[in-house]
Amino acid sequence: MLWAKARIALPTEAPTFRESLLESGLTEIPLDGEIGIRAGLLADLHGDPADRIIVATAQNGHQLVTTDRRILDWDGPLDRVDARR
């Protein structure tokens, strides 16, 4: 995880942060076979499996907020917001 590798900073440890987000109304989206298949079929997106799953999940009517340049630059259909601002 990015948190475990100290690549992102969270206000608390990851499990506590997740719990606070859930208590604030965040809805987790379960992964299913449809998302997995869609992730594998994404055209012209780099090969990182985690990114492909994230993008495929967001394509199911969700908005993705990210700082990932490769996802932001991808030309495929995705409602995305650049979080670097």
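Attention here is on the structure that accompanies the text.

## Section: the packing of helix α2 (residues 33-41) against helix α3 (residues 49-58)
- Axis separation between α2 and α3 bottoms out at 8 Å; the angle between their running directions is 115°. α2 and α3 meet at a crossing whose hand is right-handed. In this structure, α2 uses I35, R38, A39, G40 and L41 to contact α3, whose residues at the interface are R52, I53, A56 and T57.
- Across the contact of α2 with α3, the residue classes break down as 5 nonpolar, 2 polar and 2 charged.

## Observations regarding the environment of R70
- Here R70 lies in helix α4 (residues 69-73).
- Look past the residues within four positions of R70 in its chain and what remains in contact with it is L45, H46, D48 and D51.

## Observations concerning the layout of surface pockets
- One number sums up the size of the largest pocket: a volume of about 1,500 Å³.
- The wall of the largest pocket is formed by 31 residues, among which L2, I8, I54, L64 and V65 lie closest to the centre.
- Among the residues forming the lining of the largest pocket, the class breakdown is 19 nonpolar, 5 polar and 7 charged.

## Structural notes on the nonpolar core
- Counting 11 residues, the largest nonpolar core consists of I35, A39, L42, L45, V55, A56, A58, L64, I71, W74 and L78.
- Put simply, the parts of the chain that give this core at least two residues each are α2 and α3.
- At 3 residues, α3 tops the list of elements feeding residues into this core.
- Setting aside residues up to four positions removed in sequence, I71 forms contacts with H46, D51, V55, L64, T66, L78 and R80.

About the thresholds
Residues numbered from 1 in each chain as written. Predicted model: local features only at pLDDT ≥ 70, side-chain atom pairs only at ≥ 80, totals over all residues. Heavy atoms only, no water. Axes fitted to C-alpha atoms, helices over the stretch in contact; angles between N-to-C directions. Helix = DSSP H or I, 4+ residues; strand = E, 2+ residues; numbered from the N terminus. Left-handed = near helix turned anticlockwise from the far one by under 90°. Contact = heavy atoms within 4.5 Å. Nonpolar A, V, L, I, M, F, W, Y, C, P; charged D, E, K, R; others polar. 1 Å grid on protein atoms, 1.4 Å probe; cavity = no way out; pocket = protein on both sides within 12 Å on 5 of 7 lines; lining within 4 Å. Points joined across faces, edges and corners; volume = space filled by probe spheres on them. Core = buried A, V, L, I, M, F, W, Y, C linked by side-chain atoms within 4.5 Å. Buried < 20%, exposed > 50% of the residue type's maximum accessible area, 1.4 Å probe, protein only.

Nothing here speaks to function; it is all geometry.
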